[in-house]
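Notes for the structure review
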Amino acid sequence: MVLQDGDTVSSGEAVLTAFRGLDNARSFGADSAGYTSANSVHPLYDGALLVLTESTYFDRDGVNLAEEPVAADHRTSSDGAEVAALEWLRDHGCN
């Protein structure tokens, strides 16, 4: 069970991606922020910084998330995600 919303960003989205597609894992809430890449920063001679995107997130099914928000399996409001997740667990025999 993973709770998410628009404040789930970058490394949090990597966690969401790691759970996507697992048989007994579900996410609840709103779409994540959509920062599904890894960047590197390279200082230039004049003090400027060059930021390069070096990779994007792929889930276990091979779907490239390519700077797109990660959708929740069960869409709810951010405030309703925890209640929805607990109901889902109860409905599936977890007390």
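Residues numbered from 1 in each chain as written. Predicted model: local features only at pLDDT ≥ 70, side-chain atom pairs only at ≥ 80, totals over all residues. Heavy atoms only, no water.

**Observations regarding the environment of Phe58**
- Here Phe58 is to be found in the loop between strand E4 (49–56) and strand E5 (74–75).
- The class of Phe58 is partly exposed, set by a relative accessible area of 48%.
- The residues contacting Phe58, other than those within four sequence positions of it, are Thr17, Val63 and Asn64. (Helix = DSSP H or I, 4+ residues; strand = E, 2+ residues; numbered from the N terminus. Buried < 20%, exposed > 50% of the residue type's maximum accessible area, 1.4 Å probe, protein only. Contact = heavy atoms within 4.5 Å.)

**Quick look at the environment of Asp46**
- Residue placement: Asp46 occurs in the loop between strand E3 (37–43) and E4.
- The exposed category is assigned to Asp46, whose relative accessible area is 53%.
- Only 3.0 Å separates the side chain of Asp46 from the backbone nitrogen of Ala48, close enough to count as a polar contact. (Polar contact = N/O pair within 3.5 Å; in protein donor to acceptor, adjacent residues only side chain to side chain.)

**Description of a nonpolar patch on the surface**
- Judged by side-chain polarity, Leu44, Tyr45, Leu50 and Leu52 come together as a nonpolar surface patch covering roughly 450 Å² of accessible area.
- By secondary structure assignment, the location of Leu50 is in strand E4.
- By relative accessible area, Leu50 is classed as partly exposed at 38%. (Patch = residues over 30% accessible without salt bridge, like charges linked within 9 Å, V, L, I, M, F, W, Y side chains within 5 Å. Areas by Shrake-Rupley, 256 points an atom, 1.4 Å probe, with all protein chains shown as cover. Salt bridge = Lys/Arg side-chain N within 4 Å of Asp/Glu carboxyl O.)

**Digging into the pairing of E3**
- Where E3 meets E4, seven bridges bridge the pair, whose relative direction is antiparallel. Bridge pairing in E4 links Pro43 to Leu49. (Pairing = 2+ DSSP bridges.)

**Focus: unusual backbone geometry**
- The backbone phi angle of Ala66 is positive, close to 35°, even though this residue is not glycine.
- Turning to its location among the elements, Ala66 is positioned in the loop between E4 and E5.
- Ala66 gets classed as partly exposed once you look at its relative accessible area, which sits at 35%.
- The residue Glu67 is not glycine, and still its phi comes out positive at about 60°.
- On the secondary structure map, Glu67 appears in the loop between E4 and E5.

**Some thoughts on the side chain of Ser40**
- Here Ser40 is to be found in strand E3.
- Engagement of the side chain of Ser40 in a polar contact is seen with the side chain of His42, the distance being 2.8 Å.
- With residues near it in sequence (within four places) discarded, Ser40 still touches Leu50, Val51, Leu52 and Glu54.

**A word on the side chain of Ser37**
- Topologically, Ser37 is positioned in strand E3.
- Among the polar contacts made by the side chain of Ser37, one reaches the side chain of Glu67 at a distance of 2.2 Å.

These values are about where atoms sit, not about what they do.
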